[in-house]
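In case you want the letters, here they are:
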Amino acid sequence: MIVDPLRFLLDFLAFYSIYLMLSLSLNLEYGMTGISNFGKVMFFAAGAFVAGALVVRLVAPLAGLDPSLVYDLSKYKVYNVMLATEVSRFFASSPGVALATLILTLALGALFGAILGWLAAYPAAKLKEDYLGITLVVAGELFRIFGRNYEPLICGSLGVSVPDPFAWVPAPAHDLARTAFMLAVAACAWLIVDALDKSPFGRLARAIRDNDLAAEALGKDVAKVRLTVLMIGSAIAGVAGGLYAFYTGAVSADDFTPVRTFIVWVMVVMGGAGNNAGAALGALIYLGVDRVLTIVKHSIPAPFDVNYLSYIILGVLLVAMLMYRPQGLVPEKPRPLLVSRGAELEAARGGGEEVSKGARA
Amino acid sequence: MLPPEVIYDAVIVSNLVALLSIGLTLTYMTLKVPNFAHGDLATIGAYVAITAYELAGANPYLMMPLAFLVPAAYSLATYLLVYKPLWRRGANVVTMMVASIALEVATRSGMHVYADVMREAYKTYFRGVMFDDVYLPLGGLRVPGVLLTSTLTAFAMTLALYLFLTRTKFGVAMRAAIENPSLASTLGIDVEKVYAFSWFLAGGLAGLAGVFMPFRVPTDPEVGWLMLLKVFAASILGGLESVFGAVLGGYIIGVTEVVGIYALSKPPISISTAYRPAIPFAILILTLLFCPKGITGVNWRSLLRRGEER
């Protein structure tokens, strides 16, 4: 089987940027703050649903589409593939509108994700980790059931097509531009999470993860930190969902099952919770296995779907990881939380070698 | 007035949810981990019966002992090989949950592979399987046999468990070990043996529930997983600390779901019946937010007294 290496690479990097954002956001929530978000897929779906529900309807008047087809649900259900193609054609001739729509949709996805994160903070403040996990799994399933059955959103179980906001880029550069944009967005997410990680806020989040009672006793607003983290993490997941919708060109509610959440957990736990390098490595390993299996699965003579085999391998691997290397492939490095002036003075006197090394790192 | 089919379905669903909730609650009481793979134990039980039915035409009810033992052994193996080592190491609850989710995905995918391999090997159906049920003419109504068998099983198991936990030495030791493991172990109770037995029993009861599933719906390897969140709802509603609370939760969830969606899908509301799973999910979220200890945890007497004072 021959695969065009450049296309494979661009496709790989496009998916990588999506998964990287998801694993970074879970790392922020679970790895750094200790929130057991087992409903990641809900926030991811939020961004995708926004793209699916809004793009065609927003751009239709500009593109001069027949409003009776767009705003009459029964017709929209039938014609949305054609309408999305029309909008893509319109995007091909007006790059400005295309980019503005792309940015606006991603921003709305982030906003919708953040709102859901804000809602999720309420049970997160009240419930133990296990109950919170169950609540978020269930909330994600409720969200999917709603998406599949409430037709005005994304045409129910049929799903909708999403126009291509890069239609204006001519063919050879098209995929490159799209992947470059997605990588740039993922890099922004990385910078945000990394900056949070290194800031006093990140240290506070870790303190809450390690002992929330102690943090509370020291006068820290634990609930507010959790709320902020959930909103930021969910906004990132929402943007990832928007990118996913634009990249695959379609949104279907049944794409957002709890297995997606499981995959993000695999990435974070395998890579190493609590540090972004681990989250990035975990996403890389998962995606590597997944993409290679997708390509070779047609050449494997098995009487069953090879996807199931990959889920079995992932599940067993994750259990083995939890049992034998719970810190992940890249363990979180302990870092001194406080380098006070006293410690620095002591270091100057030659007594605190370790501390000053920590401060430089 | 409800049509009889709705009542039959409500009772059957309730029986299955109750059988599954008992086991889920038992295992939760031991290690305090919600076992996401619990639904798949029912799938294994269902497939034990399906395999015998498809290959030898065996009566599914005759396979009940095996449908109890196979998932029970699988559940015990997961406890011994995964949960116990993690628990001994002092792993936190999130780690244990992630492990159970990993086992869930692996088990469900394993059942998919099993179904596909068997279909290829024997050229017969292993997905969308339904058992032929006998219908009993009772007072002019056609009562499905599975209504009686599943009800009998649920009642017999609840009664047996009650007698076991209150009348036998091992059962009392089991309650002690679950309620206060450190005190129980100083009194010479082998806590780990008790826990292992709980996981075994939970798997077996789930497997029995699985045998009834193909009588009701076309069964494929997703069948147990699709029940799971409903079972969580019932167990949490039951308080997750007593198996009888779990039975009660099972019946409330089963009846509310089936009767609720029937009522809501009729005028004046007329929503789609596809929203059916949303009912137990909504109950679950409301329970967790407003009375996280479940219905058995609410101090009803003080609530009533407050009512009297007004």
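How each quantity is defined
- Residues numbered from 1 in each chain as written.
- Chains lettered and ligands numbered in written order.
- Predicted model: local features only at pLDDT ≥ 70, side-chain atom pairs only at ≥ 80, totals over all residues.
- Helix = DSSP H or I, 4+ residues; strand = E, 2+ residues; numbered from the N terminus.
- Rg over C-alpha atoms; globule rule 2.2 N^0.38 Å.
- Buried ≥ 20, exposed ≤ 12 C-beta atoms within 10 Å, placed from the backbone.
- Contact = placed C-beta atoms within 7 Å.
- Nonpolar A, V, L, I, M, F, W, Y, C, P; charged D, E, K, R; others polar.
- Axes fitted to C-alpha atoms, helices over the stretch in contact; angles between N-to-C directions.
- Parallel < 35°, antiparallel > 145°, perpendicular 65-115°, else oblique.
- Left-handed = near helix turned anticlockwise from the far one by under 90°.
- Pairing = 2+ DSSP bridges.
- Expected span 1.5 Å × (residues − 1).
- Arc of directions from axis to C-beta.
- pLDDT = per-residue confidence, 0-100.

Colleague: When you look at the overall build of chain B in this model, what are you seeing that I'm missing?
Modeller: A tally of helices and strands in chain B yields twelve helices and two strands. For chain B, the succession of helices and strands along the chain, N to C, is α-α-α-α-β-β-α-α-α-α-α-α-α-α. Relative to a compact globule of 310 residues, whose C-alpha radius of gyration would be 19 Å, chain B shows 20 Å and is just as compact. C-alpha atoms of chain B, sized along the principal axes, occupy 60 × 55 × 35 Å. Every one of the 310 residues in chain B was classed for burial, and the buried ones make up 51%. Restricting to contacts in chain B with at least 6 residues of sequence separation, those with at least 24 account for 76%.

Colleague: I would appreciate a short explanation of the overall build of chain A in the present structure.
Modeller: Along its length, chain A carries 16 helices and two strands. Its C-alpha radius of gyration of 22 Å places chain A within 12% of the 21 Å reference for a compact globule of 361 residues. Seen along its three principal axes, the alpha-carbon backbone of chain A occupies a region of about 75 × 50 × 40 Å. Within chain A, the proportion of its 361 residues that are buried is 46%. Long-range contacts, defined as pairs at least 24 residues apart, comprise 80% of the intrachain contacts of chain A with a sequence gap of at least 6.

Colleague: Just to check I follow, could you spell out the interface of chain A and chain B for this structure?
Modeller: A common way to express how large an interface is: the accessible area buried when the components associate. Each partner contributes residues to the interface: chain A has 35 residues there, and chain B has 37 residues. Looking at the side of chain A that touches chain B, the elements with two or more residues in it are helix H5 (95-126), helix H6 (129-149), helix H12 (258-271) and helix H14 (306-324) of chain A. Broken down by element, the side of chain A that touches chain B gets its largest block of residues, 13 residues, from H6 of chain A. Tallied by class, residues from the side of chain A that touches chain B come to 25 nonpolar, five polar and five charged.

Colleague: Looking at this structure, how should I read the environment of Leu-55 of chain B?
Modeller: Residue and element names in this part refer to chain B. Turning to its location among the elements, Leu-55 is positioned in helix H2 (residues 38-56). We classify Leu-55 as exposed; it has 12 C-beta atoms within 10 Å. A sequence separation of eleven residues divides Leu-55 from Ile-44, and the C-alpha atoms of the two residues are 16 Å apart.

Colleague: Honestly, the environment of Ser-270 of chain B in this entry has me stumped. Any pointers?
Modeller: All names here are of chain B. With respect to the helices and strands, the residue Ser-270 is situated in the loop between helix H10 (243-264) and helix H11 (278-290). Exposure remark for Ser-270: the 8 C-beta atoms within 10 Å place this residue in the exposed category. Distance in space between the C-alpha atoms of Ser-270 and Leu-187 is 59 Å, their sequence separation being 83 residues.

Colleague: Got a minute to help me understand the packing of helix H1 (residues 4-31) of chain B against helix H8 (residues 191-216) of chain B in this structure?
Modeller: The relative placement of two packed helices is expressed as an angle between their axes plus a distance between the axes. Residues and elements named next belong to chain B. The geometry of H1 relative to H8 is characterised by a closest axis approach of 9 Å and an angle of 165 degrees between their N-to-C directions. It follows that H1 is roughly antiparallel to H8 by the angle criterion. The handedness of the crossing between H1 and H8 is left-handed. For the contact of H1 with H8, the class distribution of residues is 18 nonpolar, five polar and one charged.

Colleague: Is there a simple way to think about the pairing of strand E1 (residues 135-138) of chain B in this case?
Modeller: A regular strand places its side chains so that they alternate between the two faces of the sheet. Residue and element names in this part refer to chain B. Examined bridge by bridge, E1 and strand E2 (residues 141-144) share four bridges and lie antiparallel to one another. Counted as the bridge partner of Tyr-135 is Pro-144 from E2. Following E1, the chain reverses through two residues before pairing antiparallel with E2; Gly-139 in that reversal takes a positive phi of roughly 55 degrees.

Colleague: In this structure, what is going on with helix H2 (residues 40-63) of chain A? I would like to understand it.
Modeller: Residues spaced three or four apart along an α-helix point in a common direction, a consequence of the helix completing one turn every 3.6 residues. All names here are of chain A. In a regular helix each residue adds 1.5 Å, so 24 residues correspond to 34 Å; H2 covers 35 Å between its end C-alpha atoms and thus fits that length. Taking burial as the measure, the 24 residues of H2 include 19 buried ones, the bulk of the element. The positive-phi residue at the C-terminal boundary of H2 is Gly-64, with phi of around 70 degrees.

Colleague: Would you explain H14 of chain A in this entry?
Modeller: Its 19 residues give H14 of chain A an end-to-end C-alpha distance of 27 Å, which sits within 8% of 27 Å, the value for a rise of 1.5 Å per residue. All buried positions along H14 of chain A are accounted for by Tyr-308, Tyr-311, Leu-314, Gly-315, Leu-318, Val-319, Met-321 and Leu-322 of chain A. Buried residues of H14 of chain A, seen end-on, are gathered within an arc of 160 degrees and therefore sit on one face of the element. Turning to H14 of chain A, the residues buried within the fold contact H12 of chain A together with helix H3 (64-88) and helix H4 (93-122) of chain B.

Colleague: Can you help me understand the confidence of the model for chain B in this one?
Modeller: Caution applies to low-pLDDT regions: their predicted coordinates should not be interpreted in detail. When the pLDDT values of chain B are averaged, the result is 91; 96% of them are 70 or greater. ipTM for the predicted complex: 0.89, alongside a pTM of 0.89.

Colleague: Can you walk me through the packing of H2 of chain B against H4 of chain B in this structure?
Modeller: All names here are of chain B. Packing of H2 against H4 leaves a shortest axis separation of 10 Å and a crossing angle of 10 degrees. Relative to H4, the element H2 is oriented roughly parallel. In this structure, H2 contributes Asp-40, Thr-43, Ile-44, Tyr-47, Thr-51 and Leu-55 to the contact, and H4 contributes Glu-104, Thr-107, Arg-108, Met-111, Tyr-114, Met-118 and Tyr-122. Broken down by class, the residue content of the contact of H2 with H4 amounts to seven nonpolar, three polar and three charged.

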